[in-house]
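What follows is each chain in one-letter form.
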Amino acid sequence: MNERILELFEQTPETYVSGAEISRRLGVSRTAIWKHIEELRAEGYAFEAASRKGYRLISKPAKWQITELMNGMKTKVLGQKVHIYDEVDSTQTIAHKLVASGAPEGTIVLAERQTAGRGRMGRSWHSPAGKGIWLSLILTPRIPMYFMPQLTLLSAVALCRAIQKVCHVEIGIKWPNDLLIHGKKVSGILLESSGEDERLKYVIAGIGISVNLLEEDYPEELRSIATSLAIESGGKVSREGLVQAFLLEFEDMYALYLEKGFAPIRLLWEALSVTLKRPIRTSTPSGFIDGIADSLDNTGALTVITPNGERIKIYSGDIEL
Ligand code: BTN
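Predicted, not measured: the structure shown is a model, and the values here were computed from it.

> So what exactly am I meant to see when it comes to the overall build of the chain here?
In terms of helices and strands, the chain carries 9 helices and 14 strands. For 321 residues, the compact-globule estimate of 2.2 N^0.38 gives 20 Å, and the chain sits close to it at 22 Å. Principal-axis analysis of the C-alpha atoms gives the chain an extent of 70 × 45 × 35 Å. Of the contacts made within the chain by residues no fewer than 6 positions apart, 60% connect residues no fewer than 24 positions apart.

This is the structure in structure tokens:
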């Protein structure tokens, strides 16, 4: 039915079609039409509704431009194999399955839309169609499992530098890996791994970037805490260009990390951080800890100095600024 509704709008581009007219031509109730229009909106179609006039199709969801993406890919390994989907539950789930069927390091999964996008700490990730970069990257580093937090921080550095280069916005990293513009979250990173005998078998780096979402694309509860690159930079951003820039930055950082260890990445992270030297609060199973975020240690943990001078390390979780 959704396809028939779209056909109808495409026959008369730019003009309003009333609910009564759609209902008469397709033989369904007006309530059913409203439901289908809402479904199409969730898929990324934008409609304008005007009382007494009906609906007008304003724009269709963007689609990944595969040729443009591959032609501009300057990496040697990352992104040389790309799997693109219209709709998935989560690109992470697809990537885990691809590893099981032998996909090599550097393979990426992209989707227009995720119906069950996963965030950190069991949260969900808002992933509307055609508006963002919902990407999972397969990595097979030969490092011990307890180095995983370092890879998380590395991902944040690569992403932050790529966004700076492409969008020229003032962006910073909130520990461990939230990217903020003007205090609002624009991107998040979720690393999932599998290991054996303390060694990592593989890591899936899940990257969510809110690229071209407009305010109305966010549910009410996210509007005060989330933003997009389009909102902050004042124009549409090429998703293909940003994926290319991110993978190139990541490839460079990853080579540096595998050769020289975490020390150079730590310096880059510290330079991009909006957390260090500021008061923060974190919650632990035994209550809140307040203090000043002081530095990163060599494992990637955050050192916090409490009001009584105690130095506490935070290894995981969230902080409030
Ligand atoms: C966070 O909570 O900040 C992490 C969000 C990570 C979202 C990305 S979108 C692509 C990949 N697929 C998922 O289901 N999650 C990650």
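> What exactly am I supposed to notice about the UniProt feature "DNA-binding region" (unreviewed entry) in the chain here?
Mapped onto this structure's residue numbering, the UniProt feature "DNA-binding region" (unreviewed entry) falls at residues 19-38. Note that residues 19-38 is 85% helix and 0% strand, and that its end C-alpha atoms are spaced 13 Å apart.

> Help me understand unusual backbone geometry in this model?
Glycine aside, the phi torsion of most residues is negative, and most peptide linkages are trans. For the bond from Trp 175 to Pro 176, the omega torsion is -5°, close enough to zero to count as cis. With a phi close to 70°, Arg 52 is a non-glycine residue in the positive phi region. You can see Arg 52 is positioned in the loop between β1 (46-50) and β2 (54-59). Phi angles above zero are rare outside glycine, and Met 121 is one such case at about 55°.

> Just to check I follow, could you spell out the sheet that holds strand β4 (residues 108-114) for this structure?
Think of a sheet as strands paired side by side through backbone hydrogen bonds, with each pair either parallel or antiparallel. If you trace the 7 strands from one edge of the open sheet to the other, you get β3-β4-β5-β9-β8-β7-β6, paired in mixed fashion. The open sheet is flanked by β3 (82-88) and β6 (172-174), the only strands paired with a single partner. The sheet shows a mean angle of 20° between the axes of neighbouring strands, direction not considered. Summarising the sheet, β4 and strand β5 (residues 132-139) pair through 4 bridges and their orientation is antiparallel. Opposite Val 109, over in β5, you have Ser 136 as the bridge partner. The strands that helix α6 (residues 148-167) touches are β6, β7 (178-181), β8 (184-196) and β9 (199-210); relative to β8, the one it contacts most, it runs at about 145°.

> Help me understand the nonpolar core in this model?
The tendency in soluble globular proteins is for nonpolar side chains to be buried as a group. If you look at the biggest cluster of nonpolar residues, it comprises 62 residues, and the most contacted ones within it are Leu 135, Leu 154, Ala 156, Val 157, Leu 159, Leu 179 and Phe 246. Here this core gets 11 residues from one element, more than from any other, and that element is α6. When we break this core down by domain, the ones giving at least three residues each are domain 2 (66-272) and domain 3 (279-320). Other than its neighbours up to four places away in sequence, Phe 246 contacts Ala 158, Leu 159 and Ala 162. Judged by nonpolar contacts, the second largest core, of 9 residues, contains Ile 5, Ile 33, Tyr 55 and Leu 57.

> Explain the UniProt feature "binding site: biotin" (unreviewed entry) in the chain here, please?
The UniProt entry lists Gln 114, Arg 118, Gly 119, Arg 120 and Lys 185 under the feature "binding site: biotin" (unreviewed entry), expressed in the numbering used here. Mapped onto the elements, Gln 114 comes out in strand β4. Using a count of 26 C-beta atoms within 10 Å as the deciding quantity, one classes Gln 114 as buried. Apart from residues no more than four positions distant in its own chain, Gln 114 is found in contact with Val 88, Asp 89, Ser 90, Thr 91, Trp 125, Ser 127 and Trp 134. With respect to the secondary-structure elements, Gly 119 resides in the loop between β4 and β5.

> Would you mind showing me how to read helix α9 (residues 263-272) here?
Given 3.6 residues per helical turn, the α-helix brings residues three or four places apart onto the same face. Restricting attention to buried positions, one finds in α9 the residues Ile 265, Arg 266 and Trp 269. Each buried residue of α9 sits inside an arc of 100° when the element is viewed along its axis, so together they form one side. Those residues of α9 that are exposed and aimed more than 90 degrees away from the buried face are Ala 263, Leu 267 and Ala 271. On its buried face, α9 is in contact with α6, β6, α8 (239-260) and β11 (287-296).

Calculation notes
- Residues numbered from 1 in each chain as written.
- Predicted model: local features only at pLDDT ≥ 70, side-chain atom pairs only at ≥ 80, totals over all residues.
- Helix = DSSP H or I, 4+ residues; strand = E, 2+ residues; numbered from the N terminus.
- Rg over C-alpha atoms; globule rule 2.2 N^0.38 Å.
- Contact = placed C-beta atoms within 7 Å.
- UniProt positions renumbered as here; feature names shortened; annotations may be inferred.
- Pairing = 2+ DSSP bridges.
- Axes fitted to C-alpha atoms, helices over the stretch in contact; angles between N-to-C directions.
- Core = buried A, V, L, I, M, F, W, Y, C linked by C-beta atoms within 7 Å.
- Buried ≥ 20, exposed ≤ 12 C-beta atoms within 10 Å, placed from the backbone.
- Domains from an automatic or database assignment.
- Arc of directions from axis to C-beta.

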